[in-house]
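Okay, here's what each chain looks like letter by letter:
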Amino acid sequence: MLVFVISFAALVCTAAARPSLNFLENHFTAENESEEVRSAAIKRLLEVFGMEDPPAIHGHKQPPQYMLDLYNTVADVDGVTKDPYLLEGNTVRSFFDKLRSEQVEFRFNLSTVARTEKILTAELHLFKLRPQATLTFHRHHFCQVSVYQVLHTSKNNTQEKKLLSSRLIPVHSTGWEVFTITQAVRSWMIDEGSNLGLHVVVRTLGGSQVDMKLIRFASGRNHHQSKQPMLVLFTDDGRRSTTLESTDPKDTTATSSLPQAPMSGPSSRSARSLDYTEEEGASLPCQRLPLYVDFEEIGWSGWIVSPRGYNAYHCKGSCPFPLGQNMRPTNHATVQSIINALKLIKGIETPCCVPDKLFSINLLYFDDDENVVLKQYNDMVAGSCGCH
């Protein structure tokens, strides 16, 4: 009898344990599936932004002021492009000098630039320091500053050089000076081994070389990061819009018709959190509704400088017969709506509410080599919705 009681108790315990075990198995399976979906979704989103993996995070760094200013020039607070013609190409990269020499020689590592990218313009940005007190030049005097591409260096340190850019600069000036060096960068992209750097020479108007202790540019480790020599590269990576975005420079609707997304996170989230049931969605006329993409929630805030997120918007609602002009229907949608209403052909649905204008956004971020990149991505924001 005792044996039976024990066996029965064990049976009851085993039976009671099974649902718990099944629950745990289902829970872990659901978690794994959820993680797989998340991983696949993030991977696909990276592909939209032209990346295989998110850039490695090397800690907090300050982006060059030039890149911050450029971003604010081409994008609004939500990252939406103000004017598609403001930016040359769709990618701007900044590179800091790798030599960090006290001499006026500079070298930039361009390994992060894809060979498929078309080099449009390359600029060398040098910060001219205030002249020293011992400078004897008259305040109206100029000097000739020339930038050379180093082609070859012999064993006795003599260099074969090619002139890239040259112009007059006031001796007593201070601030950023920009030189175009596109020719050199294009040659480096063809042959990486030819990248032997740049050399800057300063001469008087008479042609004699000036002591670089008198005419100085910030370089090396003795000057603030914000004044370090920088190469700025404007490229086009070959991506093209799917033609919904306006390309007419006279079309001012690209920014004026687009509501500005709030700068603060919470108010952006409140716009994003508006929920609509399927029944409400079916009864609503075709319209544009909020869809906020928060980069912090995705886990990208460590390498993206701006924006913190953006309002992509989405289209929802019905396209009932008859389609009014306020629903921005295409002729095809109007005909489809009529065929559906008259039941002339079986299986013909009403037109769909979809974006009929898309705008680009701009992303300012750090790449794997800690360079700051400004990139423009087409077709990222639903500008308006219509029945198609």
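Residues numbered from 1 in each chain as written. Predicted model: local features only at pLDDT ≥ 70, side-chain atom pairs only at ≥ 80, totals over all residues. Heavy atoms only, no water.

Caption draft 1: The overall build of the chain, seen in detail. Secondary structure summary: the chain contains eight helices and 15 strands in total. Buried positions account for 40% of the 388 residues belonging to the chain. Sequence-distant contacts, at least 24 apart, represent 73% of the contacts inside the chain between residues at least 6 apart. For the chain, the accessible surface area stands at approximately 22000 Å², while carbon and sulfur atoms represent 56% of it. (Helix = DSSP H or I, 4+ residues; strand = E, 2+ residues; numbered from the N terminus. Buried < 20%, exposed > 50% of the residue type's maximum accessible area, 1.4 Å probe, protein only. Contact = heavy atoms within 4.5 Å. Areas by Shrake-Rupley, 256 points an atom, 1.4 Å probe, with all protein chains shown as cover.)

Caption draft 2: Seen up close, the sheet that holds strand β6 (residues 175–180). Read across the open sheet, the seven strands follow the order β6-β3-β8-β1-β15-β14-β11; overall the sheet is antiparallel. The open sheet terminates on both sides in strands that have one partner only, identified here as β6 and β11 (304–306). Taking the axes of each pair of neighbouring strands and ignoring which way they run, one obtains an average angle of 30 degrees across the sheet. Here strand β1 (residues 91–96) pairs with strand β15 (residues 372–387) via four bridges, running antiparallel. Along β15, the bridge assignment pairs S94 with V372. Sitting on the sheet, helix α2 (residues 65–74) is in contact with β1, β3 (118–128), β8 (230–236), β11, β14 (353–366) and β15, with an inclination near 15 degrees to β15. (Pairing = 2+ DSSP bridges. Axes fitted to C-alpha atoms, helices over the stretch in contact; angles between N-to-C directions.)

Caption draft 3: Representation of helix α8 (residues 331–342) in the model. Counted at 1.5 Å a residue, the expected span for α8 with its 12 residues is 16 Å, and the 17 Å between its end C-alpha atoms agrees. Among the residues of α8, A333, Q336, S337 and N340 are the ones counted as buried. Each buried residue of α8 lies within a common arc of 100 degrees when the element is viewed along its axis, so the set occupies one face. Structural note: α8 exposes N331, V335 and L342 on the side pointing more than 90 degrees away from its buried face. Next to the buried residues of α8 lie β15. (Expected span 1.5 Å × (residues − 1). Arc of directions from axis to C-beta.)

Caption draft 4: The arrangement of the pattern of salt bridges in detail. Applying the stated criterion across every chain yields a total of seven salt bridges. The salt bridge involving E177 is made with R167; its shortest N-O contact spans 3.1 Å. Taken together, the residues E177 in strand β6 and R167 in strand β5 (residues 159–170) connect sequence positions 10 residues apart. A residue is classified by how much of its surface remains accessible, and E177, at 12% relative accessible area, is buried. Take R167: its relative accessible area is 28%, and that puts it in the partly exposed class. Among the ionic pairs, D356 bridges to R328, the shortest N-O distance being 2.7 Å. Of this pair, D356 sits in strand β14 while R328 sits in the loop between β13 (314–316) and α8, and the two are 28 residues apart along the sequence. Among the residues examined, D356 registers a relative accessible area of 14% and is labelled buried. Among the residues examined, R328 registers a relative accessible area of 41% and is labelled partly exposed. (Salt bridge = Lys/Arg side-chain N within 4 Å of Asp/Glu carboxyl O.)

The quantities given are spatial measurements derived from coordinates; they are silent on function.
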